[in-house]
Amino acid sequence: VLPLETYRVDKEGFKTPYQDHPAYELLNLEPSEDMTRFTFFKTLMTSVLLTGNGYAYIERDKNIYPLQIIYIPTPQVSIEWITDSSGIHRKRYRVTGFRELVEPRDMIHVLNFSYDGIIGVSTLTHARQSLNISSDSEAHASGFFKSGANTAGVLTIEGENRTNPVTGRPNGIVILEGNMRYQPITVSPKDSQLLESRQFNVVDICRFFSVSPVKAFDLSKSSYSTVEATQLAYLTDTASAIITKIELEINRKVFLSSERRSVKAEFNT
């Protein structure tokens, strides 16, 4: 997990570390009494990817400066809408154990991706069909290799053919009626396209999460040069989107509105 620094920004746009700000230690060391920065952001991003949403409540002092940033599991949070005096619908968060609704300014809410900009959608939910295909492929592959990865043979006859496949497993002998003769058959895993299918599933799942297959230890089409390039591309293709989501949410929620032009949080990449 990258360091998350708090900076003071001058009128020319130059940044200097702002260690005296109340949020400095929260963002770079200990967001709450329960978690370190590493644990907090890793847990938050796991929630974002697997549930579509990552929530953290901002506890403030009497001057509205942050005291703690407390991670809240997704099942404990729901969104409700209230109507203000002007008839405008306003978003609020209902948190299990809280007596009152939480205003958006006090809730860090990182979305995975969303169809409406309000609720995030889990990557796994979006990819469930392909993951089911992958699971079926694994089950089929398991049966295939347990059977010795080959079909024993086929018995054929002269005359009318009648087949009665019972299980559909990729091993065994098909028996046909009549004058029979035996012909052995060998099917390699490559010919059955099982290996290609299994590799495709790895790449497909990596694609869902915008991660290079090399990061998932699939080195089948890599070299030292491509691994080095992958390390550089990881920041721009994968991490930068996540970094931007968190930075924007923290900068508009943790800091006071009067500080937004002069104070900002930024990951040190």
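This text gives an overview of the structure that appears in the document. (Residues numbered from 1 in each chain as written. Predicted model: local features only at pLDDT ≥ 70, side-chain atom pairs only at ≥ 80, totals over all residues. Heavy atoms only, no water.)

Notes on the overall build of the protein
- Scanning the protein from terminus to terminus reveals six helices and 13 strands.
- Out of the 269 residues belonging to the protein, those deemed buried represent 33%.
- Residue pairs at least 24 apart in sequence account for 54% of intrachain contacts in the protein once pairs closer than 6 positions are excluded.
- Carbon together with sulfur atoms contributes 53% to the accessible area of the protein, which is approximately 17200 Å² in total. (Helix = DSSP H or I, 4+ residues; strand = E, 2+ residues; numbered from the N terminus. Buried < 20%, exposed > 50% of the residue type's maximum accessible area, 1.4 Å probe, protein only. Contact = heavy atoms within 4.5 Å. Areas by Shrake-Rupley, 256 points an atom, 1.4 Å probe, with all protein chains shown as cover.)

A closer look at the sheet that holds strand β2 (residues 15-17)
- Spatial ordering of the open sheet is given by β2-β1-β13, a layout of three strands whose pairing is antiparallel. Two strands close off the open sheet at either side, each with one partner strand: β2 and β13 (263-267). With direction set aside, neighbouring strand axes in the sheet form an average angle of 45°.
- Alignment of strand β1 (residues 4-9) against β2, held across three bridges, turns out to be antiparallel. Its bridge partner being in β2, R8 is matched across the sheet by T16. (Pairing = 2+ DSSP bridges. Axes fitted to C-alpha atoms, helices over the stretch in contact; angles between N-to-C directions.)

Overview of the pairing of strand β5 (residues 77-83)
- With seven bridges joining them, β5 and strand β6 (residues 89-95) adopt antiparallel strand pairing. Looking across to β6, one finds that V77 is bridged to V95.
- Linking two consecutive strands that pair antiparallel, namely β5 and β6, is a turn of five residues; a positive phi of about 85° is found at G87 within it.

Side note on helix α2 (residues 37-51)
- Here α2 contains 15 residues, and its C-alpha end-to-end distance of 21 Å stays within 8% of the 21 Å for a straight helix at 1.5 Å per residue.
- Along α2, the positions that sit buried rather than exposed are R37, F40, F41, L44, M45, S47 and V48. The buried residues of α2 occupy one face: seen down the axis, they fall within an arc of 155°. (Expected span 1.5 Å × (residues − 1). Arc of directions from axis to C-beta.)

Some words on the side chain of R60
- Inspection of the secondary structure assignment puts R60 in strand β3 (residues 53-60).
- On the basis of relative accessibility, which here comes to 17%, the residue R60 falls in the buried class.
- A polar contact is formed between the side chain of R60 and the backbone oxygen of R105, at a distance of 3.0 Å. (Polar contact = N/O pair within 3.5 Å; in protein donor to acceptor, adjacent residues only side chain to side chain.)

Things to note about the side chain of H109
- Residue position: H109 is located in strand β7 (residues 107-111).
- Overall, the relative accessible area of 4% leaves H109 in the buried class.
- Once residues within four sequence positions are removed from consideration, H109 is found in contact with N53, G54, Y55, I79, Y93, I118, E249 and K253.

Considering the pairing of β1
- In terms of burial, β1 is a largely internal element, five of the six residues being buried.
- Bridging between β1 and β13 involves five bridges; their strand directions are antiparallel. Within β13, the residue paired with T6 across the bridge is A265.
- A loop of five residues connects β1 with β2, the two strands running antiparallel in sequence, and G13 in this loop sits at a positive phi of about 95°.

Focus: unusual backbone geometry
- In this model, I64 sits at a positive phi of 70°, which is unusual for a non-glycine residue.
- Of note, I64 is situated in the loop between β3 and β4 (66-72).
- Backbone geometry places S210, a non-glycine residue, at a positive phi of 55°.
- Tracing the backbone shows S210 in the loop between α5 (194-208) and α6 (224-253).
- A residue is classified by how much of its surface remains accessible, and S210, at 43% relative accessible area, is partly exposed.

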